[in-house]
Amino acid sequence: TPIVYQLKGGSDDATVSWFVNGVASSAPSGIVVVTNTNSVEISGLSDVVYPNDVVYDFEVTASTLGCTSTTTETGSISIGATPTISFDAGSTNDLVVCETDLIEVNFEISNTDDYTINWLDNQPVGIVVNLDSSTNTLSLAGTAQPVTESTVFSYSIEPINTTTGCVGTPITGQVTVNADSELTLSTGNNIQSVCEGASMARIQYTLGGDATDVLLE
């Protein structure tokens, strides 16, 4: 919302001075000041990612041409740091596990005390999100659910700062759960007795789950 001051009396000009922690500063990036003979308007959109919250104090000084007296109004603009989330060094955006394996994906967060998570298509059972603002970490953890075939669980996590109301850029990833290998006797008898020189009956097994190869011992 723009901040507008009306120039009244004999005022026909105004200047805006900026301060951060009492030290003179330039205007916040993306914020513009428009001054004419009738008003002063401060507006715009902050276009810089700040690592920490910052407060810009300002002074609007109105003056009249040819006069030494001035009038000053003050105000401030608080800019909340953007919440961020990223994979930590030991995690990946494409985790592959077998069913019933432990799942753990860790993230580093900043300026974040809440989140929203969206699962696309499928939502896994038993996977929980843990957020610890004191250590700036967030994690997905749990045990992979049984599946009948390789299943991809895609997710999106959006970092949120509930104090400032700021929302960061979501991070995306996926967890692929592979089914356990299955082997089923489908034809013949797997225990046979045959005479020398006689043909045995065919023994056939069917691969199931995510089995792609066999080892005969």
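Quick notes on the rules
Residues numbered from 1 in each chain as written. Predicted model: local features only at pLDDT ≥ 70, side-chain atom pairs only at ≥ 80, totals over all residues. Heavy atoms only, no water. Helix = DSSP H or I, 4+ residues; strand = E, 2+ residues; numbered from the N terminus. Buried < 20%, exposed > 50% of the residue type's maximum accessible area, 1.4 Å probe, protein only. Areas by Shrake-Rupley, 256 points an atom, 1.4 Å probe, with all protein chains shown as cover. Pairing = 2+ DSSP bridges. Axes fitted to C-alpha atoms, helices over the stretch in contact; angles between N-to-C directions. Patch = residues over 30% accessible without salt bridge, like charges linked within 9 Å, V, L, I, M, F, W, Y side chains within 5 Å. Salt bridge = Lys/Arg side-chain N within 4 Å of Asp/Glu carboxyl O. pLDDT = per-residue confidence, 0-100.

**Here's the deal with the overall build of the chain**
Here comes step 1: Tallying secondary structure elements over the chain gives zero helices and 18 strands in all.
Here comes step 2: In the chain, buried positions account for 29% of the 217 residues.
Here comes step 3: For the chain, the exposed area adds up to about 13500 Å²; of that, 49% sits on carbon and sulfur atoms.

**Describing the sheet that holds strand β4 (residues 31-35)**
Here comes step 1: Sheet architecture is open: three strands sit in the order β1-β5-β4, paired in antiparallel fashion. In this open sheet, the two strands that pair with only one neighbour each are β1 (3-6) and β4. Between one strand and the next, the sheet's axes are offset by a mean angle of 10°, whatever the strand orientation.
Here comes step 2: Across four bridges, β1 lies against strand β5 (residues 39-44) in antiparallel orientation.

**Thoughts on the pairing of strand β13 (residues 137-143)**
Here comes step 1: As defined by bridge partners, strand β10 (residues 102-110) adjoins β13 across seven bridges and the pair is classed as antiparallel. Across the sheet, V105 pairs through a bridge with L140, a residue of β13.
Here comes step 2: Both strand β12 (residues 127-132) and β13 contribute to a ladder of six bridges, which runs antiparallel. Of the residues in β13, the one forming a bridge with N130 is S139.
Here comes step 3: Between β12 and β13, which pair antiparallel in sequence order, lie four residues; one of them, N136, sits at a positive phi of approximately 55°.

**Observations concerning a nonpolar patch on the surface**
Here comes step 1: On the surface, V194, M200 and I203 cluster together to form a nonpolar patch covering roughly 260 Å² of accessible area.
Here comes step 2: The topology assignment puts M200 in the loop between β17 (181-187) and β18 (204-209).
Here comes step 3: With relative accessibility at 52%, the residue M200 sits in the exposed group.

**Description of the sheet that holds β13**
Here comes step 1: Here four strands make up an open sheet; going across it, the order is β8-β10-β13-β12 and the pairing antiparallel. What marks the edges here is a single partner per strand, and that holds for β8 (84-87) and β12. The mean inter-strand angle of the sheet, taken between neighbouring strand axes irrespective of direction, is 25°.

**Quick word on the confidence of the model for the chain**
Here comes step 1: Of all residues in the chain, 89% have pLDDT values of 70 or greater, and the mean over the chain is 85.
Here comes step 2: Taken element by element, the chain is modelled with least confidence in β18, mean pLDDT 62, and with most confidence in strand β3 (residues 23-25), mean pLDDT 96.

**Observations regarding unusual backbone geometry**
Here comes step 1: Phi at N21 is positive, roughly 55°, even though this residue is not glycine.
Here comes step 2: You can see N21 is positioned in the loop between β2 (13-20) and β3.
Here comes step 3: On the accessibility criterion, N21 (74% relative accessible area) is exposed.
Here comes step 4: Non-glycine residue N111 carries a positive phi angle of around 50°.
Here comes step 5: Within the secondary structure layout, N111 lies in the loop between β10 and β11 (114-120).

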